[in-house]
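Spelled out, the chains give:
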Amino acid sequence: MTMTARTPTLRFVASRLLYTAVVLLGVLVVVFALIHLVPGDPVRIALGTRYSPETYQALRHASGLDRPIAAQFLSYLGGAVTGDLGVSFRNGQPVTLILLDRLPATLSLAGVGVVIALVIALPLGTLAALREGRAVDGAIRVVSQFGVSVPDFWIGMLLITLFSAVLGLLPSSGYVPIVEDPVQWLRRVTLPALTIGLVAGSIMTRYVRAAVIDVASSGYVRTAESKGLGRAVVVGRHIGRNALVPVLTITGIQLATMLGGVIVVEVVFAWPGLGRLMYDSVASRDYPVIQGAVLMIAALFLAINLIVDILYSVIDPRIRLS
Amino acid sequence: MTGRPVLSVRDLRVSIGSRPIVRGISFDVDAGETVGVVGESGSGKSMTVLSATGLFRAAGAQVTGSSALLGTELVGASRRTLRAVHGDRVGFVFQDPATSLNPLLTIEQQLVEGPRTHRGLTPRAARRRALELLEAVGIREPERRLAAYPHQLSGGQKQRVMIAIAIACDPTLLVADEPTTALDVTTQAQIIDLVAATQERTGMAVVWISHDLGVIGQVADRVSVLQHGEAVEQAGVHEVFDAPRHEYTRTLLAARPVLGRDQRRPIAPDADRVLSVADLDVRFRVASPGGRHTVRAVSGVSFEVRRGETLGIVGESGSGKSTVANALTGLARVNAGRVTLRDADVLAATGARARGIRRSLAMVFQDPFSALDPRMRVEAAIAEPLVEHRLVADGAARTRRVRELLELVALPAEFAARYPHELSGGQRQRVCIARALACEPELVIFDESTASLDVSIQARVIELLIELQERLGTAYLFIGHDLAVVERMSHRIAVMRNGEIVESAPSAELYRSPRTDYTRRLIAAIPPERPA
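Residues numbered from 1 in each chain as written. Chains lettered and ligands numbered in written order. Predicted model: local features only at pLDDT ≥ 70, side-chain atom pairs only at ≥ 80, totals over all residues.

## A closer look at the overall build of chain B
Counting secondary structure elements, chain B contains 20 helices and 20 strands. For 532 residues, the compact-globule formula gives about 24 Å, and the C-alpha radius of gyration of chain B, at 25 Å, lands near that figure. With the C-alpha coordinates of chain B rotated into their principal frame, the extents come out at 70 × 55 × 45 Å. Here chain B, with 532 residues, has 46% of them falling under the buried criterion. In chain B, the share of contacts with a sequence separation of at least 24, taken over all contacts with a separation of at least 6, comes to 69%. (Helix = DSSP H or I, 4+ residues; strand = E, 2+ residues; numbered from the N terminus. Rg over C-alpha atoms; globule rule 2.2 N^0.38 Å. Buried ≥ 20, exposed ≤ 12 C-beta atoms within 10 Å, placed from the backbone. Contact = placed C-beta atoms within 7 Å.)

Take a look at the structure:
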């Protein structure tokens with residue numbers, strides 16, 4: 001690449017980074033406000049029914065809740081920047097450590113899940129689009145509609161019944177870190193990842209199909225055909241790359257959902273992810289942990305958006321050069 | 001004309017489902033000659049030629065008959081045969097250069113595909129060929145342009161690249177499907193010259209599809225006139241223009257606006273001034289590779305329109321003519337200038353006063369398909385401004401007024417109950433005109449309002465607009481890129497270029513004695529009335 005092409009790319013990435021930082025600051029404000037907006041006194045809630053005024057004052061002081069609100073925010077902001085998100089009301093552990101402990105499980109599940117979804121959606125969606133209106137297209141549409149319609153935990157239970165209970169091939173629950181035992185990690189991540197991957201794959205198949213149909217009817221695909229190019233070149237080079245932009249969007253959205261919003265699946269598979277952590281913290285009103293988890297999930301969302309935006313500019317010169 | 005024809009089409013028929021679209025068309029194309037295929041929308045002209053060359057593919061389409069390219073039968077040929085022919089022996093250029101090039105690939109990547117596939121050129125040889133081709137189609141700085149992406153080129157440059165792609169393997173036949181329709185008239189003239197020069201050099205045969213008889217008269221040796229999927233007239237180009245045998249050909253020729261043929265008589269010199277625009281300035285902030293900068297879309301534009309008068313604004317794309325319309329109707333923000341409608345200051349008005357101005361200033365857009373809400377019946381569409389400005393007391397008055405307006409634009413009263421999709425393009429534009437006239441405006445702005453209509457329908461809409469103006473005394477601001485159409489409509493014409501009015505004169509004077517080179521170039525670029 002020449003200098004003239006590289007400079008706009010850098011400027012584009014810089015502007016997206018700045019945008020991400022601004023949004024993250026906004027998220028921090030909202031997360032900080034959370035603890036002051038909830039009804040009741042978080043300290044009182046955290047302490048339960050029996051506590052002495054001294055304990056109350058001590059915890060209130062320890063949490064910094066007795067200081068002016070601006071000072072509280074500044075110290076929260078300072079802490080967040082340096083990786084200090086406070087301590088859990090429940091067990092006194094640093095929130096940052098609790099989050100980092102859960103992060104690998106969540107990343108494993110979402111990572112494998114989105115790969116499975118792509119492996120399903122890219123070929124099936126493309127095939128359906130290229131055979132639009134024929135039997136194959138009809139079959140793929142019916143199956144994907146089914147995948148979109150049924151709840152994910154039901155698919156999870158079905159998979160457990162089949163692969164664990166009947167065939168006895170895979171464990172039905174639990175998580176093993178990849179650094180400890182890669183084989184066990186894979187065996188345990190397979191079923192939950194398959195569950196969310198099947199659902200996301202069904203949704204994405206429909207998007208891939210629509211994107212490919214749209215691109216296939218465009219003028220430049222007709223131009224490619226008028227050059228007498230082989231089918232593989234027309235589909236791969238001219239249709240595929242252009243259809244990738246909308247597919248990237250939906251992949252980003254699905255991946256973001258997997259990172260924060262698959263609580264039910266995590267419960268079904270006893271998977272110690274962020275969603276599960278959030279669920280447990282809400283149940284026990286462990287506000288510092290809720291704040292930290294929300295912040296973490298928001299940061300992951302923004303990171304995915306940033307990556308998707310940068311990938312757009314890699315694929316599409318109109319974004320890169322304008 | 002020696003030897004056998006390059007393309008020989010016999011009794012070609014195309015139907016989609018049970019609906020016949022092309023009904024038995026035969027024609028030959030010889031080496032070195034150009035056959036023009038002309039017709040209005042729905043005549044089947046593109047489908048005829050693309051089926052004959054094996055590029056037309058649609059679900060449920062059936063093609064029968066025969067089409068031989070130097071002995072190779074293309075109707076019913078295998079994909080493999082067609083792939084070998086396409087891009088090698090037959091090259092294609094399409095209508096819209098903006099969508100015909102892949103936005104994600106560089107010009108070089110798109111240029112070398114054909115030669116690499118058909119000629120097995122090495123990357124190096126293919127690159128040399130790409131350079132040669134860009135030079136051949138008159139792209140400046142071809143080295144630099146090879147690395148460019150389509151969005152970095154102008155419309156005319158993109159169409160030149162399309163032609164380079166089409167001729168990359170020295171085809172024996174070039175199919176040009178409305179290759180100049182989306183271009184400005186001066187760019188159109190360049191593309192026509194380019195194809196003619198290439199043909200001269202290579203001796204290829206050309207099939208040129210167009211709705212525009214003027215263009216066909218300029219490029220074709222022989223012409224096929226298509227109507228409803230049939231060739232109603234096939235003859236040499238001079239015969240078609242000078243001694244047309246078929247009624248439809250005569251209609252098409254008569255409907256064509258010709259520069260300097262019909263001019264309107266000037267209006268009375270003491271007519272009231274309706275609109276006056278002084279020193280209008282509109283600027284846009286745009287992002288470009290070099291950062292953000294300001295573009296002066298309209299600068300220092302002044303004009304007046306009087307009662308019963310049409311002021312035409314003509315200019316090429318990007319000249320700022322539509323921005324003037326948008327500034328008057330509040331769709332574009334004005335940076336400086338004064339706009340006065342009767343006595344009211346249009347730009348400063350707010351509240352009820354602004355609503356009053358909106359009522360006396362109507363607009364008719366280019367595309368009658370997107371200008372009407374598909375879920376609204378014609379009556380509701382026309383009555384909407386009446387209801388909005390509380391001009392009708394009750395349902396009965398509303399129905400009466402809608403009926404009056406439909407009659408005004410020569411549509412039957414029963415159209416009131418129809419939906420837009422039940423109307424043709426011309427009928428829809430009439431509905432848009434009726435809607436614009438509903439509040440009895442002082443001024444109607446027409447922004448390319450007849451540009452997307454077929455010539456015969458365009459001619460009828462123009463006559464209708466002139467008749468309405470003479471009857472109602474409404475002032476028109478008629479914006480267009482086609483000087484012949486604008487001239488037919490207008491008493492006076494302002495020529496715009498780069499956001500400024502470069503020349504303004506009564507229509508007849510502008511045509512007879514243009515004062516600027518730019519206007520002279522515009523006039524010279526218009527296809528002549530008869531073939532040379």
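Past the structure itself, the notes keep going.
## Some remarks on the overall build of chain A
Along the backbone of chain A there are 14 helices and 0 strands. Ordered by position in the sequence, the α and β elements of chain A form the string α-α-α-α-α-α-α-α-α-α-α-α-α-α. Referenced to the eigenvectors of the C-alpha coordinate spread, the extents of chain A come out at roughly 85 × 60 × 35 Å. Burial status across chain A gives 36% buried among its 322 residues. Taking the intrachain contacts of chain A between residues at least 6 apart in sequence as the baseline, contacts between residues at least 24 apart amount to 70%.

## What to know about the pairing of strand E20 (residues 500–506) of chain B
Residues in a regular strand project their side chains so that they alternate between the two faces of the sheet. Residue and element names in this part refer to chain B. Sheet topology note: the strand E19 (residues 492–497)/E20 ladder contains 6 bridges and is antiparallel. Bridging across to E20, Ile493 finds its partner in Ala505. Where E19 folds back on E20, the antiparallel hairpin that results is connected by 2 residues, among which Asn498 adopts a positive phi of roughly 50 degrees. (Pairing = 2+ DSSP bridges.)

## Overview of the sheet that holds strand E5 (residues 72–73) of chain B
Residues and elements named next belong to chain B. Here 4 strands make up an open sheet; going across it, the order is E2-E1-E4-E5 and the pairing antiparallel. Unpaired on one side and paired on the other, strand E2 (19–29) and E5 mark the two borders of the sheet. Sheet topology places strand E4 (residues 61–69) next to E5; 2 bridges connect them, and they run antiparallel. Looking at the pairing, Leu69 lines up with Thr72 of E5. Its contacts with the sheet place helix H1 (residues 45–52) against strand E1 (7–16), E2 and E4, and it is angled at close to 120 degrees to E1. (Axes fitted to C-alpha atoms, helices over the stretch in contact; angles between N-to-C directions.)

## Overview of the sheet that holds E19 of chain B
Residue and element names in this part refer to chain B. Reading across the sheet, the 6 strands line up as E16-E17-E18-E13-E19-E20 and stay open at both edges, with mixed pairing between neighbours. The open sheet has two edge strands, strand E16 (361–364) and E20, and neither has a second partner. With strand direction ignored, the average angle separating the axes of adjacent strands in the sheet is 20 degrees. As paired elements, strand E13 (residues 310–314) and strand E18 (residues 475–480) share 5 bridges and run parallel to each other. If you follow Ile313 over to E18, its bridge partner there is Ile479. Contacts from helix H12 (residues 321–328) reach E13, E16, strand E17 (443–447), E18 and E19 within the one sheet, and its direction differs from that of E17 by about 145 degrees. Each of E16 and E17 touches helix H16 (residues 425–437); the most contacted strand, E16, lies at about 175 degrees to it.

## Some remarks on the interface of chain B and chain A
Accessible area lost on assembly of the parts is the figure often given for the size of an interface. Contacts between chain B and chain A engage 26 residues on the former and 22 residues on the latter. When contributions to the side of chain B that touches chain A are tallied by element, the ones reaching two or more residues are helix H2 (79–85), helix H3 (97–100) and helix H4 (107–119) of chain B. With 4 residues, the single largest contributor to the side of chain B that touches chain A is H4 of chain B.

## Description of the nonpolar core
It is characteristic of soluble globular proteins that their nonpolar side chains tend to be buried jointly. One finds Ala164, Leu173, Val207 and Leu443 of chain B to be the most contacted residues of the largest nonpolar core, which totals 216 residues. In this view, Leu173 of chain B contacts Val6, Leu7, Val29, Leu69, Arg89, Val90, Met204, Ala205 and Val207 of chain B; residues no more than four positions away in its chain are not counted. (Core = buried A, V, L, I, M, F, W, Y, C linked by C-beta atoms within 7 Å.)

## Focus: unusual backbone geometry
For Ala270 of chain A, which is not glycine, the phi dihedral falls at a positive 45 degrees. Relative to the helices and strands, Ala270 of chain A resides in the loop between helix H11 (263–268) and helix H12 (274–283). With a phi close to 50 degrees, Asp279 of chain B is a non-glycine residue in the positive phi region. Within the fold, Asp279 of chain B resides in strand E11 (residues 273–288). Given 11 C-beta atoms within a 10 Å radius, Asp279 of chain B is considered exposed.

## Some remarks on the packing of helix H9 (residues 219–226) of chain A against helix H10 (residues 231–260) of chain A
Residue and element names in this part refer to chain A. Where H9 contacts H10, the axes come no closer than 10 Å and their chain directions differ by 150 degrees. The angle between H9 and H10 falls in the class roughly antiparallel. Every pair of crossing elements has a handedness; the one defined by H9 and H10 is right-handed. Where H9 abuts H10, its residues Tyr220, Val221, Ala224 and Glu225 lie against Val234, His238 and Ile239. Tallied by class, the residues present in the contact of H9 with H10 amount to 5 nonpolar, 1 polar and 1 charged. (Parallel < 35°, antiparallel > 145°, perpendicular 65-115°, else oblique. Left-handed = near helix turned anticlockwise from the far one by under 90°. Nonpolar A, V, L, I, M, F, W, Y, C, P; charged D, E, K, R; others polar.)

## Describing H4 of chain B
Residue and element names in this part refer to chain B. Taking 1.5 Å as the rise per residue, H4 with 13 residues should run 18 Å; its terminal C-alpha atoms sit 19 Å apart, in good agreement. Its maximal kink placed at Glu113, H4 deviates by approximately 30 degrees, while the proline Pro115 follows within four residues. Taken together, the buried positions of H4 are Ile107, Gln110, Leu111, Val112, Glu113, Gly114, Pro115, Thr117 and His118. The inward-facing, buried residues of H4 contact helix H5 (123–136), helix H6 (142–146) and helix H7 (155–166). (Expected span 1.5 Å × (residues − 1). Bend = angle between axes of the 7 residues up to and from the residue.)

## Some points on the confidence of the model for chain A
Residue and element names in this part refer to chain A. Within chain A, residue pLDDT values average 88, and 97% of them lie at 70 or more. The secondary structure element of chain A with the lowest average pLDDT is helix H2 (residues 42–47), at 72, and the one with the highest is H9, at 96. Across residues 1–5 the pLDDT falls below 50, and counting only partners more than four positions away or on other chains, this stretch makes 1 contact in the model. (pLDDT = per-residue confidence, 0-100.)

## Digging into the environment of Ser370 of chain B
Position of Ser370 of chain B among the secondary structure elements: in the loop between E16 and helix H14 (378–388). Between the C-alpha atom of Ser370 of chain B and that of Arg428 of chain B, which follows or precedes it by 58 residues, the distance is 10.0 Å.

## Let's talk about helix H17 (residues 455–472) of chain B
All names here are of chain B. With 18 residues, H17 ought to run about 26 Å at 1.5 Å a step, and its terminal C-alpha atoms sit 25 Å apart, in line with that. Considered for burial, the residues of H17 that qualify are Val455, Ile457, Gln458, Ala459, Val461, Ile462, Leu465 and Gln469. Residues of H17 that are buried sit in contact with helix H11 (247–255), E13, H16, E18 and helix H18 (483–489).

## Quick look at the packing of helix H8 (residues 185–202) of chain B against helix H20 (residues 517–525) of chain B
Two quantities define a packed helix pair, namely the angle between the axes and the distance from one axis to the other. All names here are of chain B. For the pair H8 and H20, the least separation of the axes is 8 Å and the interaxial angle reads 50 degrees. Classified by the interaxial angle, the pair formed by H8 and H20 is oblique. Viewed along their axes, H8 and H20 form a crossing whose handedness is left-handed. In this structure, H8 uses Val185, Thr186, Gln188 and Ala189 to contact H20, whose residues at the interface are Arg521, Leu522 and Ala525. Here the contact of H8 with H20 is composed, by residue class, of 4 nonpolar, 2 polar and 1 charged.

## Comments concerning the pairing of E13 of chain B
Residues and elements named next belong to chain B. Across the 5 residues that make up E13, a large majority, 5, are buried. With burial as the criterion, each face of E13 is covered, one bearing Thr310, Gly312 and Val314 and the other bearing Leu311 and Ile313. Bridge count for E13 against E19 is 4 bridges, and the pairing is parallel. Note on E19: the bridge partner recorded for Leu311 is Arg492.

## Side note on the environment of Pro123 of chain B
Looking at the element boundaries, Pro123 of chain B is found in helix H5. Expressed as a C-alpha distance, the spacing of Pro123 of chain B and Glu113 of chain B, which sit 10 residues apart in the sequence, is 10.0 Å.

## Overview of the environment of Ser322 of chain B
All names here are of chain B. With respect to the element layout, Ser322 can be found in helix H12. For the pair Ser322 and Ala332, spaced 10 residues apart in the sequence, the C-alpha separation amounts to 9.8 Å. Residue contacts for Ser322: discarding those within four places in its chain leaves Asp447 and Ile479.

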